[in-house]
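Close look at the chain arrangement
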Amino acid sequence: MKCKTCPGKAVIDIRRHNAAFCKDCFIVHAERQIERTIEGDKMLSKDDRVLVAVSGGKDSLTLWEVLRRLGYHTTGFHIVLGIDHYSPQARATVEGYAKKNGLPLIVTDVKEEYDFSIPELAEYTRRVPCSACGLSKRYLMNRTALQGGFSVLATGHNLDDAAATLLGNLLHWQTPQLGRMGPALEATHPKLVKTVKPLVRLTERETLAYAMLRGIDYHDDECPNAVGATSLFYKDLLNQLEYASPGAKQSFYFGFLKKGRPAFLAAQTDGVELKECEACGQTTTTETCAYCRMMDLARRTAAARSR
Ligand code: AMP
Ligand code: FES
Ligand code: ZN
């Protein structure tokens, strides 16, 4: 198999683009796709201070690497979740990357700073770990970006993530979420920071190839709580579709953004007004935000158990 753009030998084929690339040409192709996404969706400018949420996996480290190479002002943000074996390695990987590249990094350890690891939080609040984890991550990312004066928060969600989330939201007709499905969400309240997903034009397979070909030292363990997760089941279904019909994921997600999302834009807020949480000041539709309510329940349960 020959590279599409030079006489070199191809190392990866991308069926939906009907193309194959050698190492160097694939790197250029992947970086162009990301640059196109950033420019096309007006995600970032060179004046922005970008907080990059990095888990230590291939996607978020690919994101940080490309933003750094494109000359954006980035600071990494890593949340230590307190999940056995998994979290210490993830933290070491992110710290290693930041140090090697001389990049600033903010680390928040949820156990040290907020008293509970994610498994403890899940147990004390009777939530599944991924739910306690997702709520904590969204809350801490926005809060850290606001407190640090960052203008944008960037995450490493790829096309597989975006298509799986869309499938889940459609299956359950989550109309407000369908209105918010875009890869760039402007801040709609002074206490919200703009969020962007610059990797949405690349599949998981492509970010993996990029990270490997660039020699990025990423953390490739799957979180133990992800086993059996619905999102993995949706990804598997979408991969089967993609195999039978190359380009299916891309046309599903980008087709929805163009033709389906406009119908759901009005449902984004569902007539509910955003207010500030009376405990922490972050946005909420009720008096106290979901994060503060979760933390309050965890504290009360922990206190009752220690009596
Ligand atoms: P996930 O929800 O695990 O698929 O992760 C989606 C994105 O959230 C990643 O690409 C990162 O940008 C961000 N993220 C996930 N876990 C962490 C973490 N522990 N610390 C900081 N950012 C994270
Ligand atoms: Fe959050 Fe696994 S990464 S529960
Ligand atoms: Zn709150």
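The structure presented is a predicted model; accordingly, all values stated were derived computationally and were not measured.

Let's shift gears to the overall build of the protein chain. A count of helical and extended segments in the protein chain gives twelve helices and ten strands. Over its C-alpha trace the protein chain gives a radius of gyration of 20 Å, about what one expects of a compact globule, namely 19 Å for 307 residues. Dimensions of the protein chain, computed from the C-alpha atoms along their principal axes, are close to 70 × 45 × 40 Å. The buried share of the protein chain, reckoned over its 307 residues, is 49%. Once local pairs closer than 6 in sequence are excluded, the contacts in the protein chain between residues at least 24 apart make up 69%. In the form shown here, the protein chain has an accessible surface area of approximately 15800 Å², with 51% of it arising from carbon and sulfur atoms. In the protein chain, which carries 41 positive and 35 negative side-chain charges, the distance between the mean positions of the two groups comes to 4 Å.

Turning our attention to the layout of surface pockets. Empty space within the second largest pocket amounts to approximately 280 Å³. Around the second largest pocket, the lining is made up of 14 residues, and of these Thr-203, Arg-205, Asn-239, Glu-242 and Lys-249 lie nearest the centre. Among the elements of the structure, strand 1 (12-14), helix 9 (204-213) and helix 10 (230-244) are those that each provide at least two residues to the lining of the second largest pocket. The residue makeup of the lining of the second largest pocket, split by class, is three nonpolar, two polar and nine charged.

Time to look at the pairing of strand 4 (residues 73-80). Among the eight residues that make up strand 4, seven are buried, leaving the element largely enclosed by the rest of the structure. Strand direction decides the pairing type here: strand 3 (residues 49-53) and strand 4, joined by five bridges, are parallel. Residue pairing across strands places Val-52 opposite Gly-76, the latter belonging to strand 4. With respect to chirality, the unit in which strand 3 leads through helix 2 (residues 58-69) into the neighbouring parallel strand 4 is right-handed. Two elements, strand 4 and strand 5 (residues 105-109), share five bridges in a ladder whose sense is parallel. Its bridge partner lying in strand 5, Ile-79 is registered against Thr-108.

With that settled, the discussion passes to the coordination of the zinc ion (ligand 3). Protein-derived coordination of the zinc ion (ligand 3) comes from Cys-277 (SG), Cys-280 (SG), Cys-289 (SG) and Cys-292 (SG), at a distance range of 2.2 to 2.4 Å. Angles of 104 to 116 degrees at the metal separate the four donor atoms of the zinc ion (ligand 3), which places the site in the tetrahedral class. Classification of Cys-289 by relative accessible area gives buried; the value is 4%. Classification of Cys-292 as buried rests on a relative accessible area of 16%.

The next thing to look at is the packing of aromatic side chains. On inspection of all chains with the given rule, the structure shows nine aromatic pairs. For the ring pair Tyr-253 and Phe-254, a centre distance of 5.0 Å and an interplane angle of 75 degrees mean the geometry is edge-to-face. For the pair formed by Tyr-253 and Phe-254, the shared burial category is buried. Through a chain of ring-to-ring contacts, three or more aromatic side chains come together here, namely Tyr-114, Tyr-139 and Tyr-291. We note Lys-46 situated over the ring of Tyr-72; from NZ or CZ to the ring centre the distance is 4.8 Å.

In this section: the environment of Lys-194. Its place among the elements puts Lys-194 in strand 8 (residues 194-196). A sequence separation of 29 residues divides Lys-194 from Thr-165, and the C-alpha atoms of the two residues are 19 Å apart. Setting aside residues up to four positions removed in sequence, Lys-194 forms contacts with Lys-42, Met-43, Ser-151, Val-152, Leu-153, Leu-185, Glu-186 and Ala-187. Within the local environment of Lys-194, its side chain forms a polar contact with the backbone oxygen of Lys-42, the two atoms lying 2.9 Å apart.

Here six strands make up an open sheet; going across it, the order is 5-4-3-6-8-7 and the pairing mixed. Of all the strands in the sheet, the pair left with one neighbour each is strand 5 and strand 7 (184-185). Taken together, the two bridges between strand 7 and strand 8 define a ladder with antiparallel strand orientation. Residue pairing across strands places Ala-184 opposite Val-196, the latter belonging to strand 8.

When you line up the elements, Ser-117 lands in the loop between helix 4 (110-114) and helix 5 (118-125). On the accessibility criterion, Ser-117 (7% relative accessible area) is buried. Filtering out sequence-adjacent residues up to four positions away, Ser-117 remains in contact with Leu-81, Gly-82, Val-110 and Lys-111.

About the cut-offs
- Residues numbered from 1 in each chain as written.
- Chains lettered and ligands numbered in written order.
- Predicted model: local features only at pLDDT ≥ 70, side-chain atom pairs only at ≥ 80, totals over all residues.
- Heavy atoms only, no water.
- Helix = DSSP H or I, 4+ residues; strand = E, 2+ residues; numbered from the N terminus.
- Rg over C-alpha atoms; globule rule 2.2 N^0.38 Å.
- Buried < 20%, exposed > 50% of the residue type's maximum accessible area, 1.4 Å probe, protein only.
- Contact = heavy atoms within 4.5 Å.
- Areas by Shrake-Rupley, 256 points an atom, 1.4 Å probe, with all protein chains shown as cover.
- Lys, Arg positive; Asp, Glu negative; His and termini not counted.
- Charge placed at Lys NZ, Arg CZ, Asp CG, Glu CD.
- 1 Å grid on protein atoms, 1.4 Å probe; cavity = no way out; pocket = protein on both sides within 12 Å on 5 of 7 lines; lining within 4 Å.
- Points joined across faces, edges and corners; volume = space filled by probe spheres on them.
- Nonpolar A, V, L, I, M, F, W, Y, C, P; charged D, E, K, R; others polar.
- Pairing = 2+ DSSP bridges.
- Right-handed = clockwise from strand over helix to strand, strands pointing away.
- Donors = N, O, S within 2.8 Å, 3.2 Å for Na, K, Ca; no water.
- Tetrahedral: all angles 85-135°; square planar, octahedral: opposite > 155°, others 65-115°.
- Phe/Tyr/Trp six-rings, centres within 6.5 Å; stacked < 30°, edge-to-face > 60°.
- Lys NZ or Arg CZ within 6 Å of the ring centre and 35° of its normal.
- Polar contact = N/O pair within 3.5 Å; in protein donor to acceptor, adjacent residues only side chain to side chain.

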